[in-house]
Amino acid sequence: MTDPLFLVTGATGKTGSAVVHQLLEQGQRARVVVRRRDARSESLRQAGAEVVVADLFDPEQMLNAMRGAQRAYFCPPFHAHMLHSAAAFAVAARQARLESVVSLSQWLASPSHPAISTRQHWLVDQLFAMLPGIATTTVAPGFFASFPFLELIDYAALLGIYPIPLDGESRNAPPSDEDIARVATAALIDPARHAGRTYRPTGPGLLSVHDMTRIMGQVIGRRVRHVKVPMWLFLKAARMGGIDDLLLSELPAYLQDQNEGAFAFGGPTDHVLAVTGRAPEDFETITRRYAAQPKAQRTIGNTLRALGAFMTVPLRPGLNPERYVRQQGLPTPSAPRPAMADTGWKQDRLIAARPSKVLTPQLVSA
(Lines give C-alpha, C1' and ligand atoms only; values in the text may rest on other atoms or scores of the structure.)
Protein backbone atom coordinates (compact mmCIF):
# COMPACT_ATOMS: atom_id res chain seq x y z
CA MET A 1 0.00 0.00 0.00
CA THR A 2 1.26 3.49 -0.88
CA ASP A 3 2.29 5.64 2.05
CA PRO A 4 -0.40 8.23 2.83
CA LEU A 5 -0.08 11.82 1.67
CA PHE A 6 -0.71 14.39 4.41
CA LEU A 7 -2.27 17.77 3.60
CA VAL A 8 -1.42 20.61 6.01
CA THR A 9 -3.14 23.99 6.11
CA GLY A 10 -1.71 26.94 8.00
CA ALA A 11 1.64 25.45 7.07
CA THR A 12 3.64 28.65 7.52
CA GLY A 13 2.23 29.28 11.01
CA LYS A 14 3.38 28.12 14.43
CA THR A 15 1.81 24.67 14.67
CA GLY A 16 1.36 24.08 10.95
CA SER A 17 5.04 24.47 10.10
CA ALA A 18 5.99 22.27 13.05
CA VAL A 19 3.56 19.56 11.88
CA VAL A 20 5.10 19.65 8.40
CA HIS A 21 8.66 19.31 9.68
CA GLN A 22 7.69 16.53 12.11
CA LEU A 23 5.98 14.58 9.33
CA LEU A 24 8.98 14.96 7.04
CA GLU A 25 11.39 13.97 9.82
CA GLN A 26 9.42 10.73 10.19
CA GLY A 27 9.69 9.98 6.50
CA GLN A 28 6.12 10.94 5.63
CA ARG A 29 4.91 12.76 2.53
CA ALA A 30 3.50 16.25 3.12
CA ARG A 31 1.62 18.66 0.90
CA VAL A 32 1.23 22.19 2.26
CA VAL A 33 -1.46 24.73 1.43
CA VAL A 34 -0.27 28.33 1.40
CA ARG A 35 -1.84 31.63 0.39
CA ARG A 36 1.20 32.71 -1.61
CA ARG A 37 4.69 31.56 -2.45
CA ASP A 38 7.24 33.34 -0.29
CA ALA A 39 10.39 32.65 1.70
CA ARG A 40 8.45 30.58 4.26
CA SER A 41 6.82 28.33 1.67
CA GLU A 42 10.15 28.00 -0.15
CA SER A 43 11.73 26.81 3.09
CA LEU A 44 9.06 24.11 3.39
CA ARG A 45 9.61 23.09 -0.23
CA GLN A 46 13.34 22.77 0.34
CA ALA A 47 12.63 20.64 3.41
CA GLY A 48 10.78 18.19 1.16
CA ALA A 49 7.14 19.32 1.18
CA GLU A 50 4.96 19.73 -1.89
CA VAL A 51 3.68 23.32 -1.99
CA VAL A 52 0.19 24.20 -3.29
CA VAL A 53 -1.26 27.71 -3.45
CA ALA A 54 -4.98 27.70 -2.61
CA ASP A 55 -7.64 29.86 -0.98
CA LEU A 56 -8.94 28.22 2.21
CA PHE A 57 -12.30 29.91 1.65
CA ASP A 58 -12.75 28.39 -1.83
CA PRO A 59 -14.14 24.82 -1.77
CA GLU A 60 -13.11 24.16 -5.39
CA GLN A 61 -9.52 25.20 -4.76
CA MET A 62 -9.44 23.17 -1.57
CA LEU A 63 -10.77 20.09 -3.39
CA ASN A 64 -8.03 20.45 -6.01
CA ALA A 65 -5.44 20.77 -3.24
CA MET A 66 -6.77 17.62 -1.52
CA ARG A 67 -6.81 15.35 -4.56
CA GLY A 68 -4.52 12.42 -3.89
CA ALA A 69 -4.22 13.16 -0.16
CA GLN A 70 -5.54 10.76 2.47
CA ARG A 71 -5.17 12.69 5.74
CA ALA A 72 -5.22 16.38 6.65
CA TYR A 73 -4.38 18.83 9.40
CA PHE A 74 -6.79 21.77 9.53
CA CYS A 75 -5.21 24.79 11.17
CA PRO A 76 -7.93 27.44 10.88
CA PRO A 77 -7.07 30.93 9.68
CA PHE A 78 -7.47 33.68 12.24
CA HIS A 79 -10.35 35.44 10.49
CA ALA A 80 -13.79 36.76 11.38
CA HIS A 81 -15.23 34.34 8.80
CA MET A 82 -13.12 31.34 9.81
CA LEU A 83 -16.25 29.20 9.89
CA HIS A 84 -16.61 29.72 6.13
CA SER A 85 -13.13 28.27 5.57
CA ALA A 86 -13.96 25.28 7.77
CA ALA A 87 -17.13 24.63 5.78
CA ALA A 88 -15.18 24.83 2.51
CA PHE A 89 -12.59 22.44 3.95
CA ALA A 90 -15.27 19.99 5.18
CA VAL A 91 -17.03 19.92 1.80
CA ALA A 92 -13.75 19.33 0.01
CA ALA A 93 -12.70 16.67 2.53
CA ARG A 94 -15.86 14.69 1.93
CA GLN A 95 -15.59 15.00 -1.85
CA ALA A 96 -11.91 14.01 -1.76
CA ARG A 97 -12.79 11.06 0.50
CA LEU A 98 -10.15 11.82 3.09
CA GLU A 99 -9.52 9.07 5.63
CA SER A 100 -8.96 11.38 8.58
CA VAL A 101 -8.80 15.00 9.72
CA VAL A 102 -6.99 16.46 12.72
CA SER A 103 -8.19 19.97 13.56
CA LEU A 104 -6.80 22.67 15.83
CA SER A 105 -9.46 24.04 18.16
CA GLN A 106 -9.49 25.85 21.52
CA TRP A 107 -9.77 24.75 25.13
CA LEU A 108 -12.32 27.57 25.59
CA ALA A 109 -14.54 26.50 22.65
CA SER A 110 -18.23 26.99 23.47
CA PRO A 111 -21.37 28.32 21.77
CA SER A 112 -21.82 31.25 24.18
CA HIS A 113 -18.32 32.63 24.75
CA PRO A 114 -17.93 36.41 24.24
CA ALA A 115 -15.22 35.90 21.56
CA ILE A 116 -16.49 35.08 18.08
CA SER A 117 -13.39 32.98 17.29
CA THR A 118 -14.10 30.75 20.27
CA ARG A 119 -17.75 30.30 19.27
CA GLN A 120 -16.66 29.47 15.73
CA HIS A 121 -14.19 26.90 17.00
CA TRP A 122 -17.05 25.18 18.82
CA LEU A 123 -19.12 25.15 15.62
CA VAL A 124 -16.20 23.75 13.62
CA ASP A 125 -15.78 20.97 16.20
CA GLN A 126 -19.44 20.02 15.72
CA LEU A 127 -19.17 20.26 11.93
CA PHE A 128 -16.14 17.99 11.67
CA ALA A 129 -17.63 15.47 14.10
CA MET A 130 -20.51 15.04 11.64
CA LEU A 131 -18.33 14.26 8.62
CA PRO A 132 -19.43 10.79 7.44
CA GLY A 133 -16.73 8.19 7.00
CA ILE A 134 -13.86 10.46 8.11
CA ALA A 135 -12.01 9.83 11.38
CA THR A 136 -11.64 13.13 13.22
CA THR A 137 -9.41 14.17 16.10
CA THR A 138 -9.52 17.54 17.85
CA VAL A 139 -6.50 19.23 19.43
CA ALA A 140 -7.73 21.92 21.83
CA PRO A 141 -4.95 23.78 23.67
CA GLY A 142 -5.40 26.83 25.83
CA PHE A 143 -3.03 29.80 25.71
CA PHE A 144 0.21 28.80 23.99
CA ALA A 145 3.46 29.51 25.83
CA SER A 146 4.41 31.59 22.80
CA PHE A 147 1.32 33.80 23.02
CA PRO A 148 0.65 35.74 25.07
CA PHE A 149 3.24 34.79 27.68
CA LEU A 150 6.51 34.82 25.74
CA GLU A 151 5.39 37.43 23.22
CA LEU A 152 6.73 39.94 25.75
CA ILE A 153 10.15 38.32 26.28
CA ASP A 154 11.92 41.37 24.84
CA TYR A 155 10.45 43.69 27.49
CA ALA A 156 11.54 41.25 30.17
CA ALA A 157 15.05 40.92 28.76
CA LEU A 158 15.65 44.57 27.90
CA LEU A 159 13.69 46.50 30.52
CA GLY A 160 13.29 43.99 33.33
CA ILE A 161 9.49 44.25 33.31
CA TYR A 162 6.72 41.90 32.26
CA PRO A 163 3.77 44.18 31.39
CA ILE A 164 0.55 42.20 31.03
CA PRO A 165 -2.97 42.73 32.46
CA LEU A 166 -3.00 39.43 34.35
CA ASP A 167 -3.27 38.72 38.06
CA GLY A 168 0.07 37.51 39.37
CA GLU A 169 -1.49 34.44 40.97
CA SER A 170 -3.53 33.38 37.92
CA ARG A 171 -2.29 30.01 36.69
CA ASN A 172 -1.77 28.13 33.46
CA ALA A 173 0.20 25.18 32.10
CA PRO A 174 0.99 26.58 28.65
CA PRO A 175 2.26 24.12 26.02
CA SER A 176 4.93 24.75 23.42
CA ASP A 177 4.01 25.09 19.75
CA GLU A 178 6.13 22.01 19.14
CA ASP A 179 4.24 19.85 21.66
CA ILE A 180 0.89 20.89 20.19
CA ALA A 181 2.23 19.89 16.77
CA ARG A 182 3.55 16.57 18.12
CA VAL A 183 0.09 15.63 19.34
CA ALA A 184 -1.44 16.56 15.98
CA THR A 185 1.27 14.67 14.07
CA ALA A 186 0.81 11.53 16.15
CA ALA A 187 -2.94 11.61 15.51
CA LEU A 188 -2.34 12.05 11.77
CA ILE A 189 0.05 9.11 11.57
CA ASP A 190 -2.20 6.74 13.56
CA PRO A 191 -5.77 7.95 12.97
CA ALA A 192 -7.47 4.71 14.09
CA ARG A 193 -5.96 5.06 17.55
CA HIS A 194 -7.06 8.67 17.98
CA ALA A 195 -10.35 8.84 16.08
CA GLY A 196 -13.13 10.67 17.91
CA ARG A 197 -10.84 11.98 20.64
CA THR A 198 -10.21 15.49 21.90
CA TYR A 199 -6.76 16.24 23.29
CA ARG A 200 -5.68 19.23 25.34
CA PRO A 201 -1.89 19.55 25.23
CA THR A 202 -0.48 21.35 28.27
CA GLY A 203 2.85 21.92 29.90
CA PRO A 204 3.88 19.62 32.78
CA GLY A 205 2.61 21.79 35.63
CA LEU A 206 0.46 24.77 36.56
CA LEU A 207 2.43 28.00 36.89
CA SER A 208 1.30 31.37 38.17
CA VAL A 209 2.17 34.52 36.25
CA HIS A 210 4.61 35.27 39.08
CA ASP A 211 6.20 31.82 38.51
CA MET A 212 6.58 32.52 34.78
CA THR A 213 8.09 35.94 35.49
CA ARG A 214 10.60 34.37 37.87
CA ILE A 215 11.56 31.72 35.29
CA MET A 216 12.05 34.41 32.64
CA GLY A 217 14.39 36.21 35.00
CA GLN A 218 16.39 33.04 35.68
CA VAL A 219 16.76 32.34 31.96
CA ILE A 220 17.63 35.94 31.05
CA GLY A 221 19.92 36.45 34.01
CA ARG A 222 18.29 39.54 35.48
CA ARG A 223 15.47 40.38 37.85
CA VAL A 224 12.13 40.72 36.04
CA ARG A 225 9.12 42.37 37.66
CA HIS A 226 5.51 41.60 36.72
CA VAL A 227 3.53 44.80 36.08
CA LYS A 228 -0.25 44.45 35.78
CA VAL A 229 -0.89 47.14 33.18
CA PRO A 230 -4.40 48.43 32.44
CA MET A 231 -6.23 46.71 29.59
CA TRP A 232 -6.50 49.88 27.48
CA LEU A 233 -2.72 50.32 27.60
CA PHE A 234 -2.06 46.67 26.80
CA LEU A 235 -4.36 46.82 23.76
CA LYS A 236 -2.48 49.88 22.47
CA ALA A 237 0.85 48.09 22.89
CA ALA A 238 -0.46 44.94 21.24
CA ARG A 239 -1.79 46.94 18.30
CA MET A 240 1.54 48.71 17.99
CA GLY A 241 3.15 45.27 17.91
CA GLY A 242 1.09 44.25 14.88
CA ILE A 243 -1.65 42.19 16.55
CA ASP A 244 -4.75 41.92 14.34
CA ASP A 245 -7.79 44.00 15.39
CA LEU A 246 -9.98 40.89 15.57
CA LEU A 247 -7.67 39.30 18.13
CA LEU A 248 -7.38 42.62 19.95
CA SER A 249 -11.17 42.72 20.29
CA GLU A 250 -11.11 39.25 21.88
CA LEU A 251 -8.10 39.60 24.16
CA PRO A 252 -10.03 41.18 27.06
CA ALA A 253 -12.28 38.11 27.23
CA TYR A 254 -9.36 35.68 27.00
CA LEU A 255 -7.35 37.51 29.65
CA GLN A 256 -10.43 37.55 31.88
CA ASP A 257 -10.66 33.79 31.40
CA GLN A 258 -7.03 33.47 32.49
CA ASN A 259 -7.61 35.61 35.59
CA GLU A 260 -10.74 33.63 36.50
CA GLY A 261 -9.01 30.24 36.26
CA ALA A 262 -10.32 28.86 32.96
CA PHE A 263 -6.88 27.70 31.83
CA ALA A 264 -6.04 26.19 35.21
CA PHE A 265 -9.37 24.31 35.12
CA GLY A 266 -8.77 20.63 34.37
CA GLY A 267 -5.04 21.13 33.98
CA PRO A 268 -2.43 20.00 33.51
CA THR A 269 -3.26 16.94 31.40
CA ASP A 270 -1.21 13.87 30.49
CA HIS A 271 -2.15 14.14 26.82
CA VAL A 272 1.26 15.09 25.39
CA LEU A 273 2.94 12.13 27.09
CA ALA A 274 0.08 9.75 26.32
CA VAL A 275 -0.15 10.60 22.65
CA THR A 276 3.49 11.24 21.75
CA GLY A 277 5.38 9.06 24.22
CA ARG A 278 7.50 11.97 25.44
CA ALA A 279 7.01 14.37 28.33
CA PRO A 280 5.88 17.91 27.49
CA GLU A 281 8.45 20.67 27.43
CA ASP A 282 8.57 22.78 30.56
CA PHE A 283 8.28 26.56 30.58
CA GLU A 284 11.99 27.09 31.19
CA THR A 285 12.93 25.08 28.11
CA ILE A 286 10.48 27.02 25.96
CA THR A 287 11.60 30.34 27.43
CA ARG A 288 15.22 29.62 26.52
CA ARG A 289 14.26 29.36 22.84
CA TYR A 290 12.42 32.68 22.92
CA ALA A 291 15.12 34.41 24.94
CA ALA A 292 17.55 33.51 22.12
CA GLN A 293 15.55 35.54 19.58
CA PRO A 294 17.34 38.59 18.14
CA LYS A 295 14.74 40.99 19.58
CA ALA A 296 15.52 39.79 23.12
CA GLN A 297 19.29 40.32 22.94
CA ARG A 298 20.50 43.00 25.34
CA THR A 299 22.08 45.40 22.88
CA ILE A 300 22.01 49.19 23.07
CA GLY A 301 19.87 49.40 19.92
CA ASN A 302 17.32 46.87 21.15
CA THR A 303 17.12 48.52 24.57
CA LEU A 304 16.58 52.00 23.12
CA ARG A 305 13.88 50.69 20.75
CA ALA A 306 12.08 48.87 23.56
CA LEU A 307 12.28 51.88 25.88
CA GLY A 308 11.04 54.22 23.15
CA ALA A 309 8.14 51.91 22.31
CA PHE A 310 7.20 51.54 25.97
CA MET A 311 7.25 55.29 26.60
CA THR A 312 5.13 56.13 23.54
CA VAL A 313 2.46 53.44 23.99
CA PRO A 314 -0.04 55.80 25.71
CA LEU A 315 0.11 58.11 22.68
CA ARG A 316 -0.71 55.39 20.17
CA PRO A 317 -4.22 54.71 18.79
CA GLY A 318 -6.12 52.03 20.65
CA LEU A 319 -9.12 49.81 19.97
CA ASN A 320 -12.56 49.78 21.55
CA PRO A 321 -13.50 46.07 21.42
CA GLU A 322 -17.27 46.61 21.70
CA ARG A 323 -17.25 49.28 18.98
CA TYR A 324 -15.14 47.06 16.71
CA VAL A 325 -17.63 44.19 17.00
CA ARG A 326 -20.53 46.52 16.18
CA GLN A 327 -18.75 48.13 13.24
CA GLN A 328 -17.81 44.76 11.76
CA GLY A 329 -21.35 43.45 12.15
CA LEU A 330 -20.10 40.34 13.92
CA PRO A 331 -22.77 38.04 15.39
CA THR A 332 -23.07 38.09 19.16
CA PRO A 333 -24.74 35.59 21.51
CA SER A 334 -27.87 36.66 23.38
CA ALA A 335 -26.25 35.84 26.73
CA PRO A 336 -22.46 35.75 26.38
CA ARG A 337 -20.70 33.89 29.20
CA PRO A 338 -16.99 33.64 29.96
CA ALA A 339 -15.76 30.10 30.46
CA MET A 340 -15.93 29.88 34.25
CA ALA A 341 -19.50 31.24 34.29
CA ASP A 342 -20.61 28.57 31.80
CA THR A 343 -21.74 25.39 33.59
CA GLY A 344 -22.07 23.46 30.33
CA TRP A 345 -18.52 24.35 29.29
CA LYS A 346 -17.12 23.24 32.66
CA GLN A 347 -18.92 19.90 32.55
CA ASP A 348 -17.75 19.24 29.00
CA ARG A 349 -14.14 20.21 29.75
CA LEU A 350 -13.92 18.08 32.89
CA ILE A 351 -14.58 15.10 30.64
CA ALA A 352 -12.05 16.28 28.04
CA ALA A 353 -9.33 16.77 30.66
CA ARG A 354 -9.55 13.23 32.08
CA PRO A 355 -6.39 11.10 31.90
CA SER A 356 -6.02 9.74 28.41
CA LYS A 357 -7.09 6.16 27.71
CA VAL A 358 -4.55 5.81 24.89
CA LEU A 359 -1.69 5.24 27.31
CA THR A 360 0.31 2.10 26.49
CA PRO A 361 1.63 -0.19 29.24
CA GLN A 362 5.13 1.16 28.57
CA LEU A 363 4.00 4.73 29.19
CA VAL A 364 2.05 3.77 32.30
CA SER A 365 5.09 2.05 33.81
CA ALA A 366 7.28 5.01 32.94
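Everything below is about the structure shown above.
The sections below set out a description of the structure shown in this document. Everything quoted here is computed from the prediction, not taken from an experiment.

Some points on the packing of aromatic side chains
Item 1. As enumerated under the stated definition, the model contains eight aromatic pairs in all.
Item 2. Relative to Phe89, the ring of Phe74 lies with its centre 4.7 Å away and its plane at 45°, an arrangement referred to as tilted. Taken together, the residues span a long stretch of sequence, with Phe74 in strand β4 (residues 71-74) and Phe89 in helix α4 (residues 82-96) at a distance of 15 residues. An identical accessibility class is assigned to Phe74 and Phe89; each is buried.
Item 3. Note on Phe143 and Phe263: the rings are 4.5 Å apart at their centroids and 25° apart in plane angle, and the pair reads as stacked. Of this pair, Phe143 sits in the loop between β6 (135-139) and α6 (153-159) while Phe263 sits in the loop between α11 (245-260) and α12 (271-276), placing them 120 residues apart in sequence.
Item 4. The buried category is assigned to Phe263, whose relative accessible area is 2%.
Item 5. By the ring-pair criterion, three or more aromatic residues cluster together here, those being Phe74, Phe89 and Phe128.
Item 6. The positively charged end of Arg200 is found above the aromatic ring belonging to Trp107, 3.9 Å away from the centroid.

What to know about the nonpolar core
Taken as a class, soluble globular proteins show a tendency for nonpolar side chains to be buried jointly.
Item 1. In this structure, Leu108, Leu150, Ile153, Tyr162, Met216 and Phe283 are the most contacted members of the largest nonpolar core, which totals 52 residues.
Item 2. Those residues within four positions of Tyr162 in sequence are excluded, and the remaining contacts are Pro148, Phe149, Leu152, Val209, Thr213, Met216, Val224, Arg225, His226 and Val227.

Side note on the environment of Phe283
Item 1. Looking at the element boundaries, Phe283 is found in helix α13 (residues 283-291).
Item 2. Residue class for Phe283 comes out buried when judged on its relative accessible area of 4%.
Item 3. As a C-alpha pair, Phe283 and His81 span 202 residues in sequence and 33 Å in three-dimensional space.
Item 4. If sequence neighbours within four positions are ignored, Phe283 has contacts with Ala145, Phe149, Leu150, Pro174, Leu207, Met212, Ile215 and Met216.

As for the pattern of salt bridges
Item 1. Scanning all chains against the criterion turns up 13 salt bridges.
Item 2. In this structure, the salt-bridge partner of Asp245 is Arg239, at a minimum N-O distance of 3.0 Å.
Item 3. Arg289 is paired through a salt bridge with Glu281; the nearest N and O atoms lie 2.9 Å apart.
Item 4. On the accessibility criterion, Glu281 (12% relative accessible area) is buried.
Item 5. It is possible to trace a salt-bridge network through shared partners that takes in Glu178, Glu281 and Arg289.

Regarding the sheet that holds strand β1 (residues 5-8)
Item 1. Sheet architecture is open: seven strands sit in the order β3-β2-β1-β4-β5-β6-β9, paired in parallel fashion. The open sheet is flanked by β3 (50-53) and β9 (198-199), the only strands paired with a single partner.
Item 2. Pairing between β1 and strand β2 (residues 29-34): four bridges, direction parallel. Bridge pairing in β2 places Leu7 opposite Arg31.
Item 3. Taken strand by strand, helix α7 (residues 177-189) contacts β1, β4, β5 (100-104), β6 and β9, and its axis lies near 155° from that of β4.

Comments concerning the environment of Ser334
Item 1. With respect to the element layout, Ser334 can be found in the loop between α15 (321-328) and α16 (343-352).
Item 2. When the C-alpha atoms of Ser334 and Leu207 are compared, they prove to be 34 Å apart, with 127 residues separating the residues in sequence.

Notes on helix α2 (residues 39-47)
Item 1. With a side-chain oxygen positioned 3.0 Å from the backbone nitrogen of Arg40, the residue opening α2 is Asp38.
Item 2. Positive backbone phi, at 120°, marks Gly48, one or two positions downstream of α2.

Some remarks on a nonpolar patch on the surface
Item 1. A cluster of nonpolar side chains, contributed by Leu307, Phe310 and Met311, occupies part of the molecular surface with about 280 Å² of accessible area.
Item 2. In this structure, Leu307 sits in helix α14 (residues 300-312).
Item 3. Leu307 sits in the partly exposed class, given a relative accessible area of 41%.

Each value, and the rule that gives it
Residues numbered from 1 in each chain as written. Predicted model: local features only at pLDDT ≥ 70, side-chain atom pairs only at ≥ 80, totals over all residues. Heavy atoms only, no water. Phe/Tyr/Trp six-rings, centres within 6.5 Å; stacked < 30°, edge-to-face > 60°. Helix = DSSP H or I, 4+ residues; strand = E, 2+ residues; numbered from the N terminus. Buried < 20%, exposed > 50% of the residue type's maximum accessible area, 1.4 Å probe, protein only. Lys NZ or Arg CZ within 6 Å of the ring centre and 35° of its normal. Core = buried A, V, L, I, M, F, W, Y, C linked by side-chain atoms within 4.5 Å. Contact = heavy atoms within 4.5 Å. Salt bridge = Lys/Arg side-chain N within 4 Å of Asp/Glu carboxyl O. Pairing = 2+ DSSP bridges. Axes fitted to C-alpha atoms, helices over the stretch in contact; angles between N-to-C directions. Polar contact = N/O pair within 3.5 Å; in protein donor to acceptor, adjacent residues only side chain to side chain. Patch = residues over 30% accessible without salt bridge, like charges linked within 9 Å, V, L, I, M, F, W, Y side chains within 5 Å. Areas by Shrake-Rupley, 256 points an atom, 1.4 Å probe, with all protein chains shown as cover.

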